[in-house]
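Inside the fold
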Amino acid sequence: TVFEAGKVFGRLADHRGISNTKYIPDLDLPFALWVSLPLSRRLKNDRPQWKPLFDSSKTSRRGLSRQEFVDRIRRLPFKYPRGDEFGPAEIPAVVHEKFPNLDIGVLKSNKDSRNNVHAYLDAMEIPEDDLYRMYDAMFSAGQRTKPADATTRDEGTGAAAPVLDEKTFETTMLRWASEDPETEGDPVVEWAVFWEHVKPVLLLKEG
């Protein structure tokens, strides 16, 4: 489950440097940094990595259904999550099985090894059920500020279903970021914070 969450975070978090950080603006970063928000003061990113999720006149008006979210998140490019300012997140067992000589030091310092891991994980399917659960977590966290009648039709059943629009996504990420004292005033969602918020819905499946 943490593995699947990492594959989603690695598609939502920034892949390029932004102003007012030690990362040169537009520099291609070795890892997925954090989910940035337009509301941040110093760390504002006008073109965050997650923006293409909502890039169409159709979805900008009514938001994404669960299936549209699944389809689009799978199309976003992946980078391995940064764990902290010193290097990548913990390497999961499935990556060790594929790359037995890989460790955090190699992943941090060796670009070719990093690119191989990125390509391997980018090609791996994210289970649809896990994506549905993460979609629901993002929608429900921001729902308090969303009109109750903002719905679309579920592709499978035809019943009215909630949608995740850009404003709701930003509200969710802002709420999650506000719980991290290290990003107060400059809200961004780091990997550890993202995992803490999606973990309950993913572990619920295992229970």
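Residues numbered from 1 in each chain as written. Predicted model: local features only at pLDDT ≥ 70, side-chain atom pairs only at ≥ 80, totals over all residues. Heavy atoms only, no water.

1. A look at the overall build of the protein chain
Within the protein chain, the regular secondary structure consists of nine helices and six strands. For the protein chain, the proportion of its 207 residues judged to be buried stands at 49%. Considering only residue pairs separated by 6 or more positions, the protein chain has 62% of its internal contacts joining residues 24 or more positions apart. Accessible area of the protein chain: about 10,500 Å², with a carbon and sulfur share of 50%. (Helix = DSSP H or I, 4+ residues; strand = E, 2+ residues; numbered from the N terminus. Buried < 20%, exposed > 50% of the residue type's maximum accessible area, 1.4 Å probe, protein only. Contact = heavy atoms within 4.5 Å. Areas by Shrake-Rupley, 256 points an atom, 1.4 Å probe, with all protein chains shown as cover.)

2. Examining the nonpolar core
Proteins that are soluble and globular tend to have nonpolar side chains buried together. Grouped together as the largest cluster of nonpolar side chains are 48 residues, with contacts concentrated most on Leu12, Met138 and Phe194. Listed by contribution, the elements that provide at least two residues to this core are helix H1 (2–12), helix H3 (66–75), helix H6 (111–123), helix H7 (128–142), helix H8 (166–178) and helix H9 (191–206). Setting aside chain neighbours within four positions, we find phenylalanine 194 in contact with Ala5, Val8, Phe9, Leu12, Met138, Trp176 and Val189. (Core = buried A, V, L, I, M, F, W, Y, C linked by side-chain atoms within 4.5 Å.)

3. Thoughts on the environment of phenylalanine 169
For phenylalanine 169, the position within the fold is in helix H8. Distance in space between the C-alpha atoms of phenylalanine 169 and tyrosine 135 is 9.5 Å, their sequence separation being 34 residues. Those residues in contact with phenylalanine 169, other than ones at most four positions away along the chain, are Leu12, Val35, Trp50, Phe54, Met138 and Leu164.

4. Remarks on H8
Helix length check: H8, at 13 residues, gives a terminal C-alpha distance of 18 Å against a target of 18 Å (1.5 Å per residue), a fit within 8%. Among the residues of H8, Glu166, Thr168, Phe169, Glu170, Thr171, Thr172, Met173, Trp176 and Ala177 are the ones counted as buried. (Expected span 1.5 Å × (residues − 1).)

5. Description of the packing of aromatic side chains
Here the structure, examined in full by the defined rule, presents 10 aromatic pairs. Here phenylalanine 99 and tyrosine 120 contribute two aromatic rings whose centre-to-centre distance is 5.7 Å and whose plane-to-plane angle is 85°, an arrangement assigned as edge-to-face. A residue pair is termed long-range when its members are at least 10 positions apart, and phenylalanine 99 in the loop between helix H4 (93–98) and helix H5 (104–109) and tyrosine 120 in helix H6 qualify at 21 residues. What makes tyrosine 120 partly exposed here is its relative accessible area of 24%. The lysine or arginine in question, arginine 66, covers the ring of tyrosine 132, its NZ or CZ lying 4.4 Å from the ring centre. One Lys or Arg, arginine 114, reaches over the ring of phenylalanine 31 and ends 5.6 Å from the middle of that ring. (Phe/Tyr/Trp six-rings, centres within 6.5 Å; stacked < 30°, edge-to-face > 60°. Lys NZ or Arg CZ within 6 Å of the ring centre and 35° of its normal.)

6. Re the confidence of the model for the protein chain
Averaged over every residue, the pLDDT of the protein chain is 80; residues scoring 70 or more account for 76%. Counting contacts from residues 144–152, a segment whose pLDDT is below 50, to residues more than four positions away or on other chains yields 18 contacts. (pLDDT = per-residue confidence, 0-100.)

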